[in-house]
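# Coordinates in review
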Amino acid sequence: MTSHENTIMLDYIPTAKLTGGLLAGGQGRRMNGMDKGLQPFRGETMATHVLKVLKSVSAQQVISANRNLDDYAKLGSPVVCDRELPHCGPLGGIYHLLKACDTAYLITAPCDSPLVSSELLHHLMALPASDTSLRCLHDGDRLQPLFMLIGIALTPMLRNYLAEGGRRVQEWLLLHQCEIIHTPAMKAQFQNFNTLQELAAGSGDEAPDQ
């Protein structure tokens, strides 16, 4: 992997060449099996917050989900399931998003990080880029691999990795010499909410009884 810290970027991949992919296929184990993306946060669902930001940087959007499909469809974007290669974790969701993508690039964000901004995602969109570009963000302390930009040409390589039993996001990134972009000044935007208590604290609400 290559690594650097972005400062000022003047040129970006045009939104017309980008599909925004919302990753909402998790099982919510730490949230008692609840669908994280559909949990309320500051007046809207977490998925809605993230999808709005993806819409601001991309020409089209696709949602990866494996349950409550009608609820996700109500958000106004196509929904894809992990049908071809099920039970592959987040990389499986990314693969199925790529399959549904007819632009040059896919840019992804997880549904449980509702504080994300378009400014943060712009760090993934710097030019130059190619159809084999692969980038992800780093918050200054740890890698945030689900905030990713992927060139569409990497789709068959990801499928092969999954078909051979690969599941680890960071391992796949390493195999393809991912460019790591450090954004420590935006660390707060990576906060994800995995439990009802975390969600209540972040939204200012009282945690519901479990």
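For the structure itself, look to the data block above.
How each quantity is defined
- Residues numbered from 1 in each chain as written.
- Predicted model: local features only at pLDDT ≥ 70, side-chain atom pairs only at ≥ 80, totals over all residues.
- Heavy atoms only, no water.
- Helix = DSSP H or I, 4+ residues; strand = E, 2+ residues; numbered from the N terminus.
- Rg over C-alpha atoms; globule rule 2.2 N^0.38 Å.
- Contact = heavy atoms within 4.5 Å.
- Buried < 20%, exposed > 50% of the residue type's maximum accessible area, 1.4 Å probe, protein only.
- Polar contact = N/O pair within 3.5 Å; in protein donor to acceptor, adjacent residues only side chain to side chain.
- Phe/Tyr/Trp six-rings, centres within 6.5 Å; stacked < 30°, edge-to-face > 60°.
- Arc of directions from axis to C-beta.

The helix and strand inventory of the protein stands at 7 helices and 10 strands. At 16 Å, the protein has a C-alpha radius of gyration in line with the 17 Å of a compact globule built from 210 residues. In terms of overall dimensions, the protein has a C-alpha envelope of 50 × 40 × 30 Å along the principal axes. Restricting the contact set of the protein to residue pairs at least 6 apart, pairs at least 24 apart contribute 70%.

Considering the arrangement of structural elements, one finds Thr 108 in strand E7 (residues 105-110). Overall, Thr 108 belongs to the buried group, its relative accessible area being 0%. Of the polar contacts made by the side chain of Thr 108, one reaches the backbone oxygen of Leu 146; its length is 2.7 Å. Excluding its chain neighbours within four sequence positions, the residues that come into contact with Thr 108 are Gly 21, Leu 23, Ile 94, Leu 97, Leu 146, Phe 147 and Met 148.

Time to look at the environment of Asn 192. Its place among the elements puts Asn 192 in the loop between strand E10 (179-182) and helix H7 (196-203). What makes Asn 192 partly exposed here is its relative accessible area of 31%. Put simply, Asn 192 and Pro 114 are 78 residues apart on the chain and 7.4 Å apart in space, counted from C-alpha to C-alpha. Once you skip the residues sitting within four places of it in the chain, Asn 192 turns out to touch Asp 112, Ser 113 and Glu 198.

A separate point is the packing of aromatic side chains. All told, the structure shown has 2 aromatic pairs when counted by the stated rule. Centroid distance Phe 41 to Phe 193: 5.3 Å. Interplanar angle 40°. Geometry classified as tilted. Taken together, the positions of Phe 41 in strand E3 (residues 40-41) and Phe 193 in the loop between E10 and H7 put the pair 152 residues apart, joining distant regions of the chain.

With that settled, consider the side chain of Thr 155. Residue position: Thr 155 is located in helix H5 (residues 155-163). Polar side-chain contacts of Thr 155 include one of 2.7 Å to the backbone oxygen of Ile 152. Every residue in contact with Thr 155, bar those within four places of it in the chain, is listed here: Tyr 95 and Leu 98.

Okay, H7 next. Looking only at H7, the buried set comprises Leu 196, Leu 199, Ala 200, Gly 202 and Ser 203. For H7, the arc enclosing every buried residue in end-on projection is 165°, short of the 170-degree limit, so these residues lie on one face. Contact partners of the buried residues in H7: E3 and helix H1 (46-57).

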